[in-house]
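# Examination of the molecular architecture
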Amino acid sequence: MSGDYEDSDISLLKKELEATMAKNKFLEKEGKELKQEVLRLKSLVSSLKSLNNERKSLLWKKFQTNSIEVNNKDESQQKLKVHVQMPEQKAVEENLSSSQASPESKIRKDRQARVPKAPPRPTSATRPPYMEVNGSKVPPAPPPPPPPPSKMLVGLRAVRRVPEVMEFYRSLTRRDTIGSKPNSAGTLALANTRNMIGEIENRSSYLLTIKSDVETQGEFIDFLTREVENAAYKEISDVEAFVKWLDKELSYLVDERAVLKHFPKWPEQKADTLREAAFSYRDLKNLESEILSFKDNQKQPLPQALQRMQALQERLERSINNVERTRESTCKRYKAFEIPWEWMLDTGVIGRMKLTSMKLATEHMKRIAKELHSNECLQAEDLLLQGVRFAYRVHQFAGGFDEETTRSFEDLRKAGMAHQKR
């Protein structure tokens, strides 16, 4: 038996040694190819330099022969020849400069100065400082006072606490517990691609284009600088429209960060803060529309349907928690740059977003109640606990239930109690 083990170990070591030697041969071959490519590039560069020097020497010899012929003639002809040769010399210099025109001049011709479009107008028009009444200017009337706050934070729907939700949830959680499954680790993928010649060419043209933008787009960037510095809005939707316009204008530059760092007056901090506010509002608005348009597909299996609703609720809670966690410091920054910040409060978009979770709770409880009413329901107690747990989670997150969600909870509780009596 020991001899068999030794033979297997020796064969395994032989295979590993052969694989290592094959790998070394492959690396040596690749190294030789790279060295040959480097030598070829060096020879190409040296040949181009020698060709350029030969062209310069030929032009210089031609110019010298012309000057010697002029000196051998008499003064009268020399004066005449000088007048004739001056344009010829200029033509030679022009031909020399045109033949040796750098890629930078070509890129500069291609990159014309950008003419920016006007930024979007805010939806909330500002009031004039004075109004004309009977030929005299008087200050305008003050704006009407804001409406009194409703019972709920946002006031879109009447929401109240439902103690039955907490009582029913606690009664179920005393008896049963649901474990959580660990998440599986993701896979790791590696990619390694190399193209030396293309990388060198692309890098050089890229840097030349950046230099061209710095030299030709000064007025364009100065205009955008003034617009960003003067940006002051009352509605976050206006900020979103302004950032969309700004990104479209800046997309003309080959590399925004690389070009703008050459302009010290560019208000980078305010521009980044405007983008942060606009993107955060846009993401919340898209998530809100996704939840409000959610419809339960009755043909979809129950586990997948419930998982969809729970995933949406998790995304909603994560987004709201991210805003609330840094709300105090973020509001201070927004105030300093005259960016709307009231939408981040519970009386604004954040409060409205919390209410949208009740739609998910209603759909979730309706689907589970329907399943409990059917006689084919398996593991009814676990399913009931899952529904009540989700209802309790939304109840605590939204601050209560409205009438429709409360009715759905009562239907779920009745269905669960009826199933327990069977």
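Residues numbered from 1 in each chain as written. Predicted model: local features only at pLDDT ≥ 70, side-chain atom pairs only at ≥ 80, totals over all residues. Heavy atoms only, no water.

Scanning the protein from N- to C-terminus turns up 14 helices and 2 strands. Every one of the 422 residues in the protein was classed for burial, and the buried ones make up 29%. Once local pairs closer than 6 in sequence are excluded, the contacts in the protein between residues at least 24 apart make up 79%. With an accessible surface of roughly 29500 Å², the protein has 54% of that area assigned to carbon and sulfur atoms. (Helix = DSSP H or I, 4+ residues; strand = E, 2+ residues; numbered from the N terminus. Buried < 20%, exposed > 50% of the residue type's maximum accessible area, 1.4 Å probe, protein only. Contact = heavy atoms within 4.5 Å. Areas by Shrake-Rupley, 256 points an atom, 1.4 Å probe, with all protein chains shown as cover.)

A few words on the confidence of the model for the protein. Low-pLDDT portions of the prediction should not be read for the details of their coordinates. On average, residues of the protein score 76 in pLDDT, and 67% of them are at 70 or above. Every residue in residues 78-88 is under pLDDT 50, and counting partners more than four places away or in other chains gives 7 contacts. Here residues 125-135 scores under 50 on pLDDT; set against residues more than four positions off or in separate chains, the count is 16 contacts. (pLDDT = per-residue confidence, 0-100.)

Following the sequence through the fold, glutamine 217 ends up in the loop between α5 (196-216) and α6 (218-230). Overall, the relative accessible area of 0% leaves glutamine 217 in the buried class. Looking at glutamine 217, its side chain comes within polar contact range of the side chain of threonine 216, at 3.2 Å. (Polar contact = N/O pair within 3.5 Å; in protein donor to acceptor, adjacent residues only side chain to side chain.)

Here the focus is the layout of surface pockets. Its boundaries defined by the atoms lining it, the second largest pocket holds a volume of some 230 Å³. If you trace the second largest pocket, you find it lined by Glu276, Ser280, Asp283, Leu284, Ser319, Asn322, Val323, Thr326, Thr330, Tyr334, Trp343 and Met344. Examining the composition of the lining of the second largest pocket, we find that 4 residues originate from one element, helix α9 (residues 268-292), more than from any other. Residue classes in the lining of the second largest pocket are distributed as 5 nonpolar, 5 polar and 2 charged. (1 Å grid on protein atoms, 1.4 Å probe; cavity = no way out; pocket = protein on both sides within 12 Å on 5 of 7 lines; lining within 4 Å. Points joined across faces, edges and corners; volume = space filled by probe spheres on them. Nonpolar A, V, L, I, M, F, W, Y, C, P; charged D, E, K, R; others polar.)

Looking now at the packing of aromatic side chains. For the structure on display, the rule yields 3 aromatic pairs. Between tyrosine 233 and phenylalanine 242, the aromatic rings sit 5.8 Å apart at their centres with planes inclined by 50°, giving tilted as the arrangement. With a centroid separation of 5.9 Å and an interplanar angle of 75°, the aromatic rings of tyrosine 281 and tryptophan 343 are classed as edge-to-face. Here tyrosine 281, found in helix α9, pairs with tryptophan 343, found in the loop between α11 (327-336) and α12 (349-373); they are 62 residues apart in sequence, far enough to count as distant. Across the pair, tryptophan 343 and tyrosine 281 agree in class, each one buried. (Phe/Tyr/Trp six-rings, centres within 6.5 Å; stacked < 30°, edge-to-face > 60°.)

With that settled, the discussion passes to helix α13 (residues 380-398). Since the α-helix packs 3.6 residues into each turn, any two residues three or four apart lie on the same face. Helix length check: α13 (19 residues) gives 27 Å between terminal C-alpha atoms against 27 Å at 1.5 Å per residue, within 8%. One or two positions beyond α13, positive phi appears at glycine 399, with a value near 85°. (Expected span 1.5 Å × (residues − 1).)

Once that is clear, we can look at unusual backbone geometry. Phi is positive for glutamate 338, which is not a glycine, with a value near 60°. By the element assignment, glutamate 338 lies in the loop between α11 and α12.

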